[in-house]
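Structural description and commentary
This is what each chain is made of:
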Amino acid sequence: MEEKEIQDQLASIRSLMERSSKFISLSGLSGVLAGVYALVAAGFAWTILYNGTSRSYTAADIQTNGQPVYTLLFIAILVLALSLGTGVLLTIRKAKRKGQPVWGKISRALLFHMATPLFSGGLLILILIFRGYYGIVSPASLIFYGLALVSASNFTFILVRYLGLCEIALGLIAACLPGYGLLFWAIGFGVLHIIYGSVMYLKYDK
Amino acid sequence: MKVPFEKLDKAFENRLRLQIMSVLMVNDRYDFNSLKELLDTTDGNLASHLKALEKEEYIIVHKSFLGRKPNTTYESTEKGKAAFKQHLDALEQLIRQQKSK
């Protein structure tokens, strides 16, 4: 056997071990874009909340007259939809390039492990919003999102786990500092996503 | 220079078999269709090589039903794992010998 042939075999083994157990088609670029959307939305939310009439720095935490809450909810859902859409599109593109099935065994496991904490957290947050506990929104969304990432990270890049741990830590800090919900939300979903996405992009997208 | 070709496992001479074992080393179980998609091969080809690995007792086959559809999954045995590791070691040794030539 030629050396090249052996090298070739070993490379194929390594690649299969990775491709068969990890979803390596997650797009870094979509992380950056999701972060940008989140920052734009946070800026927009800020103009709604802090319109100067009151020092409603804590408006996302203190019960307001209902109206802004629904606008904010709408913005949040819009950002979520946009981020998901971008993520799915770019991931499909990358999966094609990597020759990995988009809807395979691994991506299904990834989605299931991500969706379980995400849905339970999302529903809990909605329930609490309708009951008027606005202060819970920012820390809880960060924490549940972090948990979702940690649990999904078994099926993809280890980087996702670190992002998840950062989100959880940030959520816990946010819970200690009522009133700064929007700020922490912007850091967690905006800044962290941009950092994570750039690292992913430089490391794996090329 | 003595090259340990005899340590290379005959069962892994075929590339597809080696690939199947690679997948089963890092996954508890893998089903037929996912394997087929991942390895980009045909039903007949994959089935015959799986059968060969089964005959060597390197893998075990689990048959079950998902609703009415048969769902066949494969799992590597301890014997298979040991054989795979030995094969990899042999490959590594070959490379090292050729480098030092």
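Numbering of residues begins from 1 in every chain and follows the order in which that chain's sequence is written. To label them, take the chains in the order written and letter them from A, then take the ligands in the order written and number them from 1. In view of the model being predicted, local features appear only for residues whose pLDDT reaches at least 70, and side-chain atom pairs are presented and counted only at 80 or more, with totals across whole chains, interfaces and linings using the full set of residues.

1. What about the overall build of chain A?
- The helix and strand inventory of chain A stands at seven helices and zero strands.
- Each helix is a run of H or I in the DSSP string that is no shorter than four residues. Each strand is a run of E no shorter than two, and both are numbered from the N terminus. For chain A, the α and β elements follow one another from N to C terminus as α-α-α-α-α-α-α.
- Every C-beta atom is placed from the backbone, and the number of other C-beta atoms within 10 Å of a residue's own sets its class: buried at 20 or more, exposed at 12 or fewer, partly exposed in between. Among the 206 residues that make up chain A, the fraction classed as buried is 38%.

2. A short note on the sheet that holds strand S1 (residues 30-31) of chain B
All names here are of chain B.
- Strands sit in the order S1-S3-S2 across an open sheet of three strands; the sheet is antiparallel. Strands with a single pairing partner mark the edges of an open sheet, and in this sheet they are S1 and strand S2 (59-66).
- Taken together, the eight bridges between S2 and strand S3 (residues 69-76) define a ladder with antiparallel strand orientation. Each bridged residue has a counterpart across the sheet, and for Ser64 the counterpart in S3 is Asn71. In short, DSSP must find at least two bridges between two strands for them to pair.

3. Focus on the interface of chain B and chain A
- It is the C-beta atoms, placed from the backbone, that decide contacts: two residues are in contact if theirs lie within 7 Å. Opposite the 15 residues of chain B that make contact, chain A presents 15 residues.
- Broken down by secondary-structure element, the contributors of at least two residues to the side of chain B that touches chain A are helix H1 (15-26), helix H2 (32-39) and helix H4 (78-100) of chain B.
- Of the residues that constitute the side of chain B that touches chain A, the class distribution is nine nonpolar, five polar and one charged. When residues are sorted by character, Ala, Val, Leu, Ile, Met, Phe, Trp, Tyr, Cys and Pro go into the nonpolar class, Asp, Glu, Lys and Arg into the charged class, and all the rest, Gly among them, into the polar class.

4. Comments concerning the environment of A:Leu142
- Secondary-structure assignment places A:Leu142 in helix H5 (residues 137-152).
- Discounting residues that sit within four places of it in the chain, A:Leu142 has contacts with A:Glu167, A:Leu170, A:Gly171, A:Ala174, A:Phe184, A:Trp185 and A:Gly188.

5. Overview of helix H6 (residues 159-176) of chain A
- In this scheme, a helix's expected span is set at 1.5 Å multiplied by one less than its residue total. In this model, H6(A) (18 residues) spans 26 Å end to end at C-alpha, consistent with the 26 Å of a helix rising 1.5 Å per residue.
- Contacts made by the buried residues of H6(A) are with H5 and helix H7 (181-205) of chain A.

6. A closer look at the nonpolar core
- In this usage, the nonpolar core is the set of buried Ala, Val, Leu, Ile, Met, Phe, Trp, Tyr and Cys residues whose C-beta atoms join them within 7 Å. In terms of nonpolar packing, the biggest core is built from 40 residues, with A:Ala38 and A:Ala148 touching the most fellow members.
- Elements represented by at least two residues in this core include exactly helix H2 (28-49), helix H3 (67-98), helix H4 (105-130), H5, H6 and H7 of chain A.
- Setting aside residues no more than four positions away along its own chain, A:Ala148 makes contact with A:Met114, A:Pro117 and A:Leu118.
- Counting 19 residues, the second largest nonpolar core, distinct from the first, contains B:Phe12, B:Leu38, B:Leu39 and B:Tyr58.

7. A short note on the packing of H1(B) against H2(B)
Residues and elements named next belong to chain B.
- As a rule, the C-alpha atoms of each element are fitted with a line to give its axis, helices using only the stretch in contact, and angles between N-to-C directions run from 0 to 180 degrees. Contact pair H1 / H2: the axes reach a minimum separation of 11 Å and the direction vectors enclose 120 degrees. The pairing of H1 with H2 is recorded here as oblique in orientation. The element H1 and its partner H2 pack so that their crossing is right-handed. Each of Leu16, Gln19, Ile20 and Val23 in H1 lies in contact with H2, whose residues at this interface are Leu35, Leu38 and Leu39. When describing relative orientation, an angle under 35 degrees is termed roughly parallel and one over 145 degrees roughly antiparallel, while 65 to 115 degrees is termed roughly perpendicular and anything else oblique. Two helices cross in a left-handed way if the nearer one is turned anticlockwise from the farther one by less than a right angle. They cross in a right-handed way if the turn is clockwise.

8. A few points about the environment of B:Gln97
- The residue B:Gln97 is located in helix H4 in this model.
- Sequence separation between B:Gln97 and B:His62 is 35 residues, and the spatial gap between their C-alpha atoms is 40 Å.

9. Describing the confidence of the model for chain B
All names here are of chain B.
- On a scale of 0 to 100, pLDDT captures the predictor's confidence in every residue. When the pLDDT values of chain B are averaged, the result is 88; 93% of them are 70 or greater.
- Across chain B, helix H3 (residues 43-55) holds the top mean pLDDT of 94, while H4 sits lowest at 87.
- For this predicted complex, the interface score ipTM comes out at 0.77, alongside a pTM of 0.77.

10. Quick look at unusual backbone geometry
Residues and elements named next belong to chain B.
- Positive phi outside glycine occurs at Asp40, with the angle close to 55 degrees.
- Relative to the assigned elements, Asp40 resides in the loop between H2 and H3.
- A positive phi angle is found at Glu57, which is not glycine, with a value near 60 degrees.
- Inspection of the secondary structure puts Glu57 in the loop between H3 and S2.
- A count of 12 C-beta atoms within 10 Å places Glu57 in the exposed class.

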